[in-house]
Amino acid sequence: AFQTGTPDLVHEMYKVAQTDIKDKEILATIDSRYHITASLLPGSDAPTFTLQTKDGKSVSLSDFKGKIVYLDFWASWCGPCMREVPYTKTLQDTFATKEVVFVYVSIDESKEDWISAMTSKKMKGVHLWAKGFEHMVPKKYAVQGIPSYFLIDRSGKMINSAAPRPSDAEVYAEIEKALAK
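The shown structure was predicted, so the numbers you read here are calculated from the model rather than taken from an experiment.

Caption draft 1: Here's a closer look at the overall build of the protein chain. Assigned secondary structure in the protein chain consists of six helices and seven strands. Sequence-ordered secondary structure for the protein chain, helices as α and strands as β, is α-α-β-β-β-α-β-α-β-α-β-β-α. The C-alpha atoms of the protein chain give 17 Å as radius of gyration, which agrees with the globular expectation for 181 residues (16 Å, within 12%). By principal-axis analysis of the C-alpha atoms, the protein chain measures approximately 55 × 40 × 30 Å. Per-residue burial over the protein chain gives 42% buried out of 181 residues. In the protein chain, the share of contacts with a sequence separation of at least 24, taken over all contacts with a separation of at least 6, comes to 65%. In the protein chain, 23 side chains carry a positive charge and 23 a negative one; their mean positions are 4 Å apart.

What follows is the structure, encoded as structure tokens:
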């Protein structure tokens, strides 16, 4: 239910677990996972964060209030992430005149690898670094694999915690729908 369920199913299964499961360790794990999942459900406030650009400038999610945010967790060593780069450029070009910001959070362990990939691939958008899967930002977003995409509305509310990849034609319609609200 945490990975594929509707918000109602997630809440219902959590209630069932609280009454039916007696093992405290299992309940603690379910409780932790529930709170992370609940924060990513549509309409929930997107988890806040502040990260650094390659130049050391602090950037927060709240800096983008009033815009649709397409958030991408990636890494330079990730083949599927790198295959999305040409599609990302097309997606960015399509929405260049709209109120959409493309935020890329690298989970590279090495800052140099992250910067090298951005530079060599001429990647545009807002690029931030969160060192590794164990960093608090990927953890807040329950990132267990990459690439992972999220769509956040103008007021900072989650629209989709499993947004389509740039190579998926559906992403255009989803962003247009968000812009129309």
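From this point on, the discussion continues.
Caption draft 2: Region of interest: empty space enclosed by the protein. This structure, assessed with the given rule, holds one cavity of 30 Å³ or more. In terms of lining residues, the largest cavity is bounded by 14 residues, among which Asp-72, Val-85, Thr-88, Tyr-104 and Met-123 are the most central. A total of seven residues in the lining of the largest cavity trace back to one element, the largest contributor, which is helix H3 (residues 79-94).

Caption draft 3: Representation of the pairing of strand S5 (residues 126-129) in the model. Across four bridges, strand S4 (residues 100-106) lies against S5 in parallel orientation. Paired with Tyr-104 across the strands is His-127, a residue of S5. Following the chain from S4 across helix H4 (residues 111-120) to the adjacent parallel S5, one finds a crossover that is right-handed.

Caption draft 4: Structural context of the packing of aromatic side chains. Under the counting rule described, the total for this entry stands at nine aromatic pairs. Judged by centre distance (6.2 Å) and plane angle (70°), the rings of Phe-49 and Tyr-141 are edge-to-face. Taken together, the positions of Phe-49 in the loop between helix H2 (24-38) and strand S1 (50-52) and Tyr-141 in the loop between helix H5 (136-140) and strand S6 (148-152) put the pair 92 residues apart, joining distant regions of the chain. Of the residues examined, Tyr-141 reaches a relative accessible area of 1% and is grouped as buried. Between Tyr-141 and Phe-150, the aromatic rings sit 5.0 Å apart at their centres with planes inclined by 75°, giving edge-to-face as the arrangement. Summarising the burial analysis for this pair, Tyr-141 and Phe-150 share the class buried. Pairwise contacts between aromatic rings join Phe-49, Phe-73, Tyr-141 and Phe-150 into one cluster.

Rules used in this analysis
Residues numbered from 1 in each chain as written. Predicted model: local features only at pLDDT ≥ 70, side-chain atom pairs only at ≥ 80, totals over all residues. Heavy atoms only, no water. Helix = DSSP H or I, 4+ residues; strand = E, 2+ residues; numbered from the N terminus. Rg over C-alpha atoms; globule rule 2.2 N^0.38 Å. Buried < 20%, exposed > 50% of the residue type's maximum accessible area, 1.4 Å probe, protein only. Contact = heavy atoms within 4.5 Å. Lys, Arg positive; Asp, Glu negative; His and termini not counted. Charge placed at Lys NZ, Arg CZ, Asp CG, Glu CD. 1 Å grid on protein atoms, 1.4 Å probe; cavity = no way out; pocket = protein on both sides within 12 Å on 5 of 7 lines; lining within 4 Å. Points joined across faces, edges and corners; volume = space filled by probe spheres on them. Pairing = 2+ DSSP bridges. Right-handed = clockwise from strand over helix to strand, strands pointing away. Phe/Tyr/Trp six-rings, centres within 6.5 Å; stacked < 30°, edge-to-face > 60°.

So yeah, pure geometry; function would need other evidence.
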